[in-house]
Amino acid sequence: MHLLHDRRGTPAGELGPAELVELLRFPVPPSHAWLRTNFVSTVDGSITGADGSSGSISPDSDAHHFALHRALCDAVVVAAGTARAEGYRAVDLADWQRDVRAREGLAPFPTLVVVSASADLDPQIATPATGEGGPVVVATTTTAPPGRLDALRDAGVEVLQRGTDSVDLAAVLDDLAGRGLPRLLCEGGPGLHRELLALGLVDEVLLTLAPTVVAGPGPRTTRGDGLPDPLALSLAYVLRGEDDAVFTSYRTLPEKPVGRLE
Ligand SMILES: NC(=O)c1ccc[n+]([C@@H]2O[C@H](COP(=O)([O-])OP(=O)(O)OC[C@H]3O[C@@H](n4cnc5c(N)ncnc54)[C@H](OP(=O)(O)O)[C@@H]3O)[C@@H](O)[C@H]2O)c1
C-alpha cells in the first residue's frame with residue numbers, strides 16, 4: 001500500500017505492515033463506541049456488480065485492506081440485507097489476522113452483530129464457514145417473531161432486543177461499547193448506513209474506489225430519504241493499492257475527541 005496523504009503528516013510513500021496497522025488502528029475514546037463504515041464503490045458510484053454482490057467489483061488489493069480492518073475491530077456490524085445477500089457467517093480469520101489481534105491486545109475473533117427487524121436469518125450464521133469463528137449477536141426488536149429468535153438462540157446466537165418497530169441503533173452501539181466492544185466496523189449495507197449517518201452515529205467513513213465502471217442500476221453506499229442537510233466530512237488519509245484502487249478515510253464532523261483505551 002502506498003500512502004498518498006495522511007493529515008497527521010506522515011510522509012507519503014510505501015507503508016510496511018506495521019505502518020499500515022498504525023494508520024488503520026481505531027482511535028477509541030474511553031467508554032465510547034467508535035463506528036467506522038466501510039464500502040467499496042466503482043468509479044461510477046455502484047457498490048455492486050452485475051451479479052448484485054460487492055465481491056465482483058472489489059479490487060484485489062481490497063482483500064487485504066478489508067481483512068486488516070476486520071483484524072482491528074471488536075465487532076463487525078452488518079445489516080440483515082447485506083448479511084443475506086453476501087452469505088455472512090460468524091467471522092473467521094487467517095493466522096496473520098489473529099497475530100495482529102494478539103499484538104493489539106484484542107479478543108481472538110471479532111463479534112458479528114447483525115441488525116434485523118425481521119430476524120429472517122439462517123441460523124447457520126452462528127457458525128463460521130471454516131474453522132473457528134467469533135460470537136454472533138442478532139440485534140433485533142421486541143416484536144420480532146419469537147420462533148425465529150428461538151431458532152437463532154438454539155444455534156448459539158445471542159439475541160439483543162432493542163426497540164419495538166426498528167432496532168434502536170444508538171442503544172445497540174452503547175450496549176456493545178459497554179461490554180468492552182467499542183471498535184465497531186460497519187460493513188453496510190446502504191439502508192443501515194443511511195440510518196447511522198442520519199442519527200449522527202458514524203465517526204469514520206471508509207470508501208474504496210475500485211478502478212472500474214459498471215453502469216447499470218447498482219445501489220450507492222446509502223439508500224433512503226435525503227438527509228435534511230449535507231453531512232460535512234474531513235479527509236483523514238488516502239492510500240493507493242498496486243492495482244490503482246484508492247482507499248479513503250473521512251471523519252464526520254464535528255469529530256469526537258479521541259484517546260487510546262487503557
Ligand atoms: N460494495 C460494498 O461495500 C457493499 C457493502 C455492503 C452491502 N453491499 C450491497 O448492498 C446490498 C444490500 O443492501 P440492502 O438494500 O439490503 O440494505 P442493508 O442495509 O444491507 O439491509 C437492510 C435491512 O437491514 C435491516 N435493518 C437496517 N436497519 C435496521 C434497523 N434500524 N432496525 C431493524 N432492521 C434494520 C432490515 O433487515 P430485515 O429485513 O431483516 O428486517 C433491513 O431490511 C447487497 O447487494 C450488498 O452486496 C455492498
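Check the entry above for the structure.
Only a predicted model underlies this, so the values are computations on that prediction, with no experimental measurement involved.

A.B. asks: What is the right way to read the environment of valine 21 from this model?
C.D. replies: Relative to the helices and strands, valine 21 resides in helix α1 (residues 17-24). Between the C-alpha atom of valine 21 and that of leucine 68, which follows or precedes it by 47 residues, the distance is 7.7 Å. Not counting chain neighbours up to four residues away, the residues in contact with valine 21 comprise Leu68, Leu72, Val100 and Glu104.

A.B. asks: Would you take a moment to explain the environment of cysteine 186 for this structure?
C.D. replies: Inspection of the secondary structure assignment puts cysteine 186 in strand β8 (residues 183-186). A C-alpha to C-alpha distance of 24 Å links cysteine 186 and valine 214, two positions 28 residues apart in sequence. Cysteine 186 has contacts with Leu35, Arg36, Thr37, Asn38, Val77, Leu192 and Leu196, leaving out every residue within four places of it along the chain.

A.B. asks: How do you make sense of the pairing of strand β3 (residues 34-42) when you look at a structure like this?
C.D. replies: It is a general feature of regular strands that their side chains alternate between the two faces of the sheet. Of all nine residues making up β3, nine are buried, and the element is well covered by its neighbours. The two faces of β3 match: Trp34, Arg36, Asn38, Val40 and Thr42 on one face and Leu35, Thr37, Phe39 and Ser41 on the other face are all buried. Two strands pair when backbone bridges link them, and β3 and β8 are joined in this way by four bridges, in the parallel orientation. Its bridge partner lying in β8, leucine 35 is registered against leucine 184. Strand direction decides the pairing type here: β3 and strand β9 (residues 204-210), joined by seven bridges, are parallel. Looking at β9, one finds that threonine 42 is bridged to alanine 210.

Cut-offs used in this document
- Residues numbered from 1 in each chain as written.
- Predicted model: local features only at pLDDT ≥ 70, side-chain atom pairs only at ≥ 80, totals over all residues.
- Heavy atoms only, no water.
- Helix = DSSP H or I, 4+ residues; strand = E, 2+ residues; numbered from the N terminus.
- Contact = heavy atoms within 4.5 Å.
- Buried < 20%, exposed > 50% of the residue type's maximum accessible area, 1.4 Å probe, protein only.
- Pairing = 2+ DSSP bridges.

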